[in-house]
Amino acid sequence: MKKSISGFSKLSKSGKLRWMVENFFKEPENVMRELMSYWHSNEEQQKVLDGFSENTISNFYLPYGVAPNFSINGKTYCVPMVIEESSVVAAASSAAKFWMARGGFRAEVRSTTKIGQLHFNWTGGIARLRADLEDIKRTLRLDVSHITANMEKRGGGVREIELLDFSDQEPNYYQLKVSFETCDSMGANFINSVLEEFGRSLQRFYADSGEDLTIIMAILSNYTPDCLVRASVECPIEDLGNFPNGMDATTFAQKFAQAIRIARIDSFRATTHNKGIFNGIDAVVLATGNDFRAIESAGHTYAARDGKYRSLSQCEIVDGRFRFWLDIPLAVGTVGGLTKLHPIARRSLELLGNPNARELMMIIATTGLAQNFAAVRSLVTTGIQQGHMKMHLMNILHHLGANEKETQATVEHFSDQVVSFTGVREYLEKLRQPKQRTVRLSKSRR
Ligand code: MEV
């Protein structure tokens, strides 16, 4: 069997698929048919999807759900979410409804600046760079004006250019740290194009200097601590109401606030806590065609900004009021990238009322906060498994081909039992045993 190939990318889509199934699967024809069944029925749409990546052989489906009843700054949203994990959308919806009845969420964008870096080696020393810096900045800005003109018309462009000296840690290594405003686009292409042009311009600037200047790389930073949004909720403690198992509002608020403090003290807990936040954030980021890897990496770096990885959300109880909030960097766009190209991302934005990037930042941060609220609320009241297991049970029943009657009986049976795959299978097997035989068997046993 031949498991490597040269010229794979030049094969047609069916050719790639055929090579793959013939070399890696036991039932090539079946697998080929199955993967082809996921091709889009509309050829044009399929071409759009294939255009996003390389070597595509099929489409990978994920559930697309919505969480209604999100009140943010007085406006109501139905939030689109793409996620494969059960309970996440239900939890977001439940938290949205909970807070809608208590004044809704508040959100504010604190800043929208993004960062790019030009990394270079220079043998001429820091003093000369510093002496030339104002000249360098002027020249660089002028040399990128053909790239920045349009963005400037929209109110964006290059903001600050800062010279950083790392030569004590890496011989001859310096950096231009550049800040950008990219308006409604995430801005990666714009920033990278400007930085690469900066690199060529800087090289020209020192071409006759008698020193060596080498551009190492020019690339945006996905750490965007100044592209920051805050989402928050607050209400008098008594308005929180009562919780399962007879827990009153004060006990809940105190336990909840302690759970958040624990996630600020302990990085093991903080990682899981923040994962819960990203359950909501990634789902909306994906649904709107934004880059979830960029959002994740920025969020985790931000969570460790004081040297220790901590919870991204915070909670306080002051003067009888419960306050819960989340600060998070979110470099997202509503124009450019996949946002308008992906057919469903386009619909997601339409569902949200075609927000600009700032509004989308607020919607995404709020969904993260709602998700976090729902998760921690479950953790400090019923435990997380109760909700999870309900969905898990339905998945197991679906997998085992249970009909409606069997599903009903099993759900009832497991309402106060621990759900496990084996337990459900055994229970279903018992249900499925023919009644008469059971009677006869039990008689003969007697
Ligand atoms: C599961 O996907 C997310 C949680 O673990 C988050 C948390 O523990 O806060 C429930």
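Residues numbered from 1 in each chain as written. Predicted model: local features only at pLDDT ≥ 70, side-chain atom pairs only at ≥ 80, totals over all residues. Heavy atoms only, no water.

**Points about helix α13 (residues 385–399)**
Taking 1.5 Å as the rise per residue, α13 with 15 residues should run 21 Å; its terminal C-alpha atoms sit 20 Å apart, in good agreement. Turning to α13, its buried residues number three or more, namely Leu393, Ile396 and Leu397. Down the axis of α13, the sector holding all buried residues measures 95 degrees, keeping them to one side. Of the exposed residues in α13, those oriented more than 90 degrees away from the buried face are His398 and His399. Those residues of α13 hidden inside the fold are in contact with α14 (404–413) and α15 (421–432). Once α13 ends, the next one or two residues include Gly401, with phi positive near 70 degrees. (Helix = DSSP H or I, 4+ residues; strand = E, 2+ residues; numbered from the N terminus. Expected span 1.5 Å × (residues − 1). Buried < 20%, exposed > 50% of the residue type's maximum accessible area, 1.4 Å probe, protein only. Arc of directions from axis to C-beta. Contact = heavy atoms within 4.5 Å.)

**Considerations on the domain arrangement of the protein**
The extent of an interface is frequently quoted as the accessible surface area lost upon association of the parts. Entries for the protein in the domain assignment read domain 1 (8–50), domain 2 (64–110 + 226–382), domain 3 (114–221) and domain 4 (388–432). Computed from C-alpha coordinates alone, the two centres of domain 3 and domain 4 are separated by 61 Å. (Domains from an automatic or database assignment.)

**Comments concerning a nonpolar patch on the surface**
On the surface, a cluster of nonpolar side chains totalling about 310 Å² of accessible area is made up of Tyr64, Val66, Ile344 and Leu351. The set of elements that each furnish at least two residues to the nonpolar patch consists of β1 (64–72) and α11 (343–351). Judged by relative accessible area, which is 37%, Leu351 ranks as partly exposed. (Patch = residues over 30% accessible without salt bridge, like charges linked within 9 Å, V, L, I, M, F, W, Y side chains within 5 Å. Areas by Shrake-Rupley, 256 points an atom, 1.4 Å probe, with all protein chains shown as cover. Salt bridge = Lys/Arg side-chain N within 4 Å of Asp/Glu carboxyl O.)

**Topic: the pairing of β1**
Where β1 and strand β2 (residues 75–82) come together, seven bridges link them in antiparallel fashion. Across the sheet, Ser71 pairs through a bridge with Thr76, a residue of β2. In this structure, the hairpin formed by β1 and β2 is closed by a connection of two residues, where Asn73 is found at a positive phi of approximately 50 degrees. (Pairing = 2+ DSSP bridges.)

**Regarding the nonpolar core**
Within the largest apolar cluster, 68 residues are counted, with the highest numbers of intra-cluster contacts made by Phe70, Leu240, Ile281 and Phe322. Looking at this core, the element that brings in the most residues is helix α12 (residues 357–380), giving twelve residues. If near-sequence neighbours (up to four positions away) are discounted, Ile281 is found in contact with Ile295, Leu326, Ile328, Leu330, Ile364 and Gly368. Residues Leu129, Ile136, Leu163 and Phe190 belong to the second largest nonpolar core, which totals 28 residues. (Core = buried A, V, L, I, M, F, W, Y, C linked by side-chain atoms within 4.5 Å.)

**Focus: the pairing of strand β8 (residues 227–236)**
The buried fraction of β8 is high, at eight of ten residues. Bridging between β8 and strand β10 (residues 321–329) involves nine bridges; their strand directions are antiparallel. Bridging across to β10, Val229 finds its partner in Ile328.

**A few points about the sheet that holds β10**
Spatial ordering of the open sheet is given by β3-β8-β10-β9, a layout of four strands whose pairing is antiparallel. At either margin of the open sheet sits one strand with a lone partner, and together these are β3 (106–112) and β9 (313–318). The sheet shows a mean angle of 20 degrees between the axes of neighbouring strands, taken without regard to direction. Bridging between β9 and β10 involves six bridges; their strand directions are antiparallel. (Axes fitted to C-alpha atoms, helices over the stretch in contact; angles between N-to-C directions.)

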